[in-house]
Amino acid sequence: MSPSVRLRLLPLVFLVLTACPSQNPGDPSDAGEQEVPDLCNSREESLSSAECQLTFGQPLERYISFGGDSDWYSVEIPADAKPRSLVRVTAVYTTPITAVNLAVSLLDEEGSSAAPRQVDSHGQGQPRPIEFVIPVDRPDKRLSRLFLLLSDRDSNTSRPGFDARNPYTLTVELLDNPDDNEPNDTANKATPVTLANQGGILVGSGSGYLATAGDVDLFAFDVPAGKNIYVRLTAPNIPPPEPPPAYILSYRLLRPDGNAEFQDRVRTNVLAADLAAARRGGAAGRWQVEVRAWNSGTANETPPGDLRLKYTLEVKVLDEADSNDLSTGNDLPDRARLASLTATTSTPSAGRASFTGRLGTMGDKDWFAVEVASNTAPSVLRYRLVPLSSGGRFPPLPGLADRQVYVLTQVTGFSASDCVTKADVCPKGSGYGTDSTVRALVDGWCNNATPMCLRSSREESEYLPNLRNFGGALPVPSHTTTMRYYFLVQDEGTNWADDKDYRLEVEWVDDPDEASHPSEGMASPRPLVQMASDDAAATFPAPPTGAAFEVHGSISYGHGRLVGNDPVKGQGVRGPGDYETVTTDVDTFAFQLPGSGAERTWELQWEVGNLPDGGTPHGLALDLSFCDGDRLDGGVCTQVSTGTAGQPLTLAYRGEPLRAWHSPAGSLSNLQPLYKLERGATSTKVTVQPYACSCFEPRFLRGNTLKVAVSGVDRTDYGQADYTLRTAHTGYPKSYTTLDGGSASCPRPDGGTFADGGAVPGCFFTRQP
């Protein structure tokens, strides 16, 4: 082969190429006649020809100028190279496009591979640089000469890539390894981390670089028996336009026997690295931290090194600061810290307990329990988790905090299957039948080694900072023996800890309202109350005050329903994943209506006592059930609890303009608020507005009975909510003020008849918009 390759351009070929893009962008045919030197074609030539012998720090430009072309180079390592010296080889095409997928191999003087071969398989994309960083002093011997072989990848022998127009650039540099700890890639050469006592905590640190491909750095430190261990590995981000680190940083915490206690890696190399772990100690001796580039286990190539990225290792050896975790600990139900509560028949009850704990290590579980004495009267168990400022000897571990609190009871005398399938063994609450996650959680506790029934759960949410949802109120059923409630405080996934104290407060209180009026459904309301008439309507739309117009009650347990609050947006105290066996306390009242007559307007107002800070513990929802006197089944009227659209007849405060039942469908021009909310010093009132045209249809007056089930909604606190419900009926129709300041009347009877001969009413309150 001649020392150069002469390419001649034929006119016909030129015409074809101007019409169609070249399939080989490196083809120099559009550059006229061009001579490209073909040098360094063998290993022998790399030793004998000065043009093939590289000088450290001086870039060289050459060509892969024809199919199958390969270039050989050599570089001699100086005899006085330092023990930690590195050779960096960089090869790159600086052109935006080339047909060459550059492949580079490094060989030592004996022909053995000095590093795994690298290929820039960019295909139709932009070329990427190839870089090697290898040590001069290798474990087996010192490198004295390095051979470099460059070519196109040979994956497509039928159409090899070449580029006689654009050269590649090859640079070889001799550098100092920035990692002063090298060599520290084996246990006997591990870099010692000196631990100094700082306020009772043993603290030490180290740093290093994963400078070369496959580099491993080991650090060692001595741990006394029974100590906890905190390690943190950090590395800064390398901002653009610099390319990100060449590898994914990872580490392993190794016990004295060499087995891994914990391991982790960063998930991306384009952000600053921050890895940390807090582990419960045990074995005394020399522990190690192994730092390396992550390899998925499926990659064949050795992870590369990077001379730019300096990582920092922080180590703390700490005493166990949670007294609950000393000795046998409280990480199992049978080791729960126990308190006994007693209740009295007076209000409030005297049963209170307070526990202090901390999640000091990953996987820490804190079990507590309270025993409530025999009690046949209704009562409520309240709990609350309060973060404290004490503790925190290390920063919270990276990632979102995801603490959990579970309240459980043991299922004794029944099987796990009974726990899953029988509601009287383990009641099932919100979401169990519709949410697979809730079902798996509840069934999972039933299938515990000792079946347990989940009564309440709270999950930390980024939308509810400071654990605003970490509380609850549970009904305690009548019981003739001591009952035990378990509380589990833990981190979800066992990968987080903050070493800060918290306080778990538990209170057992009497529920006198429930004692006189047990929580009822529609089938068992409180005694029938005659709804008073208010023909004077002096306070319309509000009903009059006084005993004739008022009923009273308390909502004492459950997390309440949702109407206006959205847990995902951090509204209220109910978290997105919170669970309750009993969703809300329900009080049902039965009102006697006039047994006949034309339509009547319904005056309705409810008032809830404020919290000590002036806020409302929650709002109320009113579920309605009418007795349809025109539809008898066996002489009994048909219950109507849904509107014409099939939705439940439920009233609850909403402040935005809405469409009333009488508003034209599809009309948005005359929407008004249906409710008025008034916040006072001691209570908050909600009054149904005249625009709502709330009323009783004649068929319901003939049915003679209205049931109203009162429950809590949109909780802002888990305290008890004492309320007053005011009702009255007055003349129909009433007028309301329109948006333009005028006046309009609720629909009047039109005098028509239904198919069965009944009169068409003006009031059709159950017609939902």
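Reading the values: rules and limits
Residues numbered from 1 in each chain as written. Predicted model: local features only at pLDDT ≥ 70, side-chain atom pairs only at ≥ 80, totals over all residues. Heavy atoms only, no water. Helix = DSSP H or I, 4+ residues; strand = E, 2+ residues; numbered from the N terminus. Rg over C-alpha atoms; globule rule 2.2 N^0.38 Å. Buried < 20%, exposed > 50% of the residue type's maximum accessible area, 1.4 Å probe, protein only. Contact = heavy atoms within 4.5 Å. Areas by Shrake-Rupley, 256 points an atom, 1.4 Å probe, with all protein chains shown as cover. Lys, Arg positive; Asp, Glu negative; His and termini not counted. Charge placed at Lys NZ, Arg CZ, Asp CG, Glu CD. Polar contact = N/O pair within 3.5 Å; in protein donor to acceptor, adjacent residues only side chain to side chain. Phe/Tyr/Trp six-rings, centres within 6.5 Å; stacked < 30°, edge-to-face > 60°. Lys NZ or Arg CZ within 6 Å of the ring centre and 35° of its normal. Core = buried A, V, L, I, M, F, W, Y, C linked by side-chain atoms within 4.5 Å. Disulfide = S-S within 2.5 Å. Pairing = 2+ DSSP bridges. Salt bridge = Lys/Arg side-chain N within 4 Å of Asp/Glu carboxyl O. pLDDT = per-residue confidence, 0-100.

S.K.: Tell me about the overall build of the chain, residues and numbers included.
M.R.: Along its length, the chain carries six helices and 44 strands. Here the C-alpha atoms of the chain give a radius of gyration of 40 Å, more than 25% beyond the 27 Å that 2.2 N^0.38 yields for 769 residues. With the C-alpha coordinates aligned to their principal axes, the bounding extent of the chain is approximately 120 × 80 × 50 Å. In the chain, which comprises 769 residues, the proportion classed as buried is 48%. Pairs at least 24 apart in sequence give 79% of the contacts found in the chain among residues at least 6 apart. Element-wise, carbon and sulfur atoms account for 51% of the exposed surface of the chain, whose accessible area totals about 35,100 Å². Side-chain charges in the chain split into 67 positive and 95 negative, and the spacing between the mean points of these groups amounts to 3 Å.

S.K.: Report on the environment of Arg142, specifying residues and quantitative values.
M.R.: Position of Arg142 among the secondary structure elements: in the loop between β8 (130–135) and β9 (145–152). Along the primary structure Arg142 and Asp108 are separated by 34 residues, whereas in three dimensions their C-alpha atoms are 10.0 Å apart. What Arg142 contacts, discounting residues up to four positions off in sequence, is Pro78, Ala79, Asp80, Ala81, Lys82, Glu109, Val136 and Asp137. In terms of polar contacts, Arg142 uses its side chain to reach the backbone carbonyl oxygen of Ala81, at 2.6 Å. Only 2.9 Å separates the side chain of Arg142 from the side chain of Asp137, close enough to count as a polar contact.

S.K.: Explain the packing of aromatic side chains to me, using residue names and the numbers behind them.
M.R.: Applying the stated criterion across every chain yields a total of 18 aromatic pairs. Grouping aromatic residues by their ring pairs yields a cluster made of Trp367, Tyr406, Trp445 and Tyr486. Looking at Arg265, its charged tip hangs above the ring of Trp294, at a distance of 3.8 Å from the centre. Across from the ring centre of Phe540, 5.4 Å away, lies the NZ or CZ of Lys734, which sits over that ring.

S.K.: Outline the nonpolar core, listing residues and values.
M.R.: Counting 42 residues, the largest nonpolar core has Trp602, Trp606, Leu622, Leu624, Leu706 and Leu725 as the members making the most contacts within it. Setting aside residues up to four positions removed in sequence, Leu706 forms contacts with Met531, Phe589, Ala590, Phe591, Leu593, Trp602, Leu624, Ser625, Phe626 and Phe696. Within the second largest apolar cluster, 40 residues are counted, among which are Ile238, Phe262, Leu309 and Tyr311.

S.K.: Report on the state of the cysteines, specifying residues and quantitative values.
M.R.: The final tally for this structure, using the stated rule, is six disulfides. Across a sulfur-sulfur distance of 1.9 Å, Cys40 and Cys52 are joined as a disulfide pair. Every disulfide takes its handedness from the sign of the S-S torsion; for Cys40 and Cys52 that torsion is -100 degrees, giving left-handed. In this pair, Cys40 sits in the loop between β2 (34–37) and α2 (43–48) while Cys52 sits in the loop between α2 and β3 (60–64), placing the two residues twelve residues apart along the sequence. The disulfide bridge from Cys419 ends at Cys446, spanning 2.0 Å between sulfur atoms. Taking the sign of the S-S torsion, about -65 degrees here, the bridge from Cys419 to Cys446 comes out left-handed. Highlighted residues: Cys419 in helix α3 (residues 416–421) and Cys446 in helix α4 (residues 436–446), separated in sequence by 27 residues. The exposure class of Cys419 is buried, given its relative accessible area of 0%. Since its relative accessible area comes to 0%, Cys446 is described here as buried. Regarding the disulfides, the chain carries the connectivity 1-2, 3-5, 4-6, 7-8, 9-11, 10-12 under sequence-order numbering of its bonded cysteines.

S.K.: Which residues make up unusual backbone geometry, and what values go with them?
M.R.: Omega for the peptide link from Glu182 to Pro183 comes to -5 degrees, which places this bond in the cis form. Tracing the chain through its elements places Pro183 in the loop between β10 (163–176) and β11 (191–192). Following Phe540, the chain continues into Pro541 via a peptide bond in cis, with omega recorded as 10 degrees. Position of Pro541 relative to the elements: it lies in the loop between β30 (529–530) and β31 (550–555). Located in the positive-phi region is Asp499, a residue other than glycine, with phi close to 60 degrees.

S.K.: Provide a residue-level description of the sheet that holds strand β16 (residues 249–254), including the pertinent values.
M.R.: Across the sheet, which stays open at both edges, the five strands sit in the order β11-β14-β19-β16-β17 with mixed pairing between neighbours. Taken across any chain shown, the strands that pair with only one partner, and hence form the sheet edges, are β11 and β17 (260–265). The pairing of β16 with β17 spans five bridges and is antiparallel. Within β17, the position partnered with Ser250 by the bridge is Arg265.

S.K.: Tell me about the pattern of salt bridges, and name the residues and values.
M.R.: Scanning all chains against the criterion turns up 47 salt bridges. In this structure, Glu76 and Arg145 form a salt bridge, with 3.6 Å as the shortest nitrogen-oxygen distance. Of the two residues, Glu76 is situated in strand β4 (residues 70–76) and Arg145 in strand β9; the sequence distance between them amounts to 69 residues. Relative accessible area serves as the criterion here: at 52%, Glu76 is assigned to the exposed category. Arg267 serves as the salt-bridge partner of Asp264, at 3.5 Å between the closest nitrogen and oxygen. Among the ionic contacts, a cluster of salt bridges with common partners joins Asp108, Glu110, Arg138 and Lys141.

S.K.: Before we move on, could you go through the confidence of the model for the chain and cite the residues and values that matter?
M.R.: Confidence in the prediction of the chain, expressed as mean pLDDT, is 89, and 91% of residues score 70 or more. In the model of the chain, helix α1 (residues 11–19) stands out as the element of lowest mean pLDDT, 30, in contrast to β11, which has the highest, 98. Across residues 1–33, where pLDDT falls below 50, the model places 39 contacts with residues more than four positions away in sequence or in other chains. Note that residues 345–349 has pLDDT below 50 and, in this model, ten contacts with residues that lie over four places away or in other chains.

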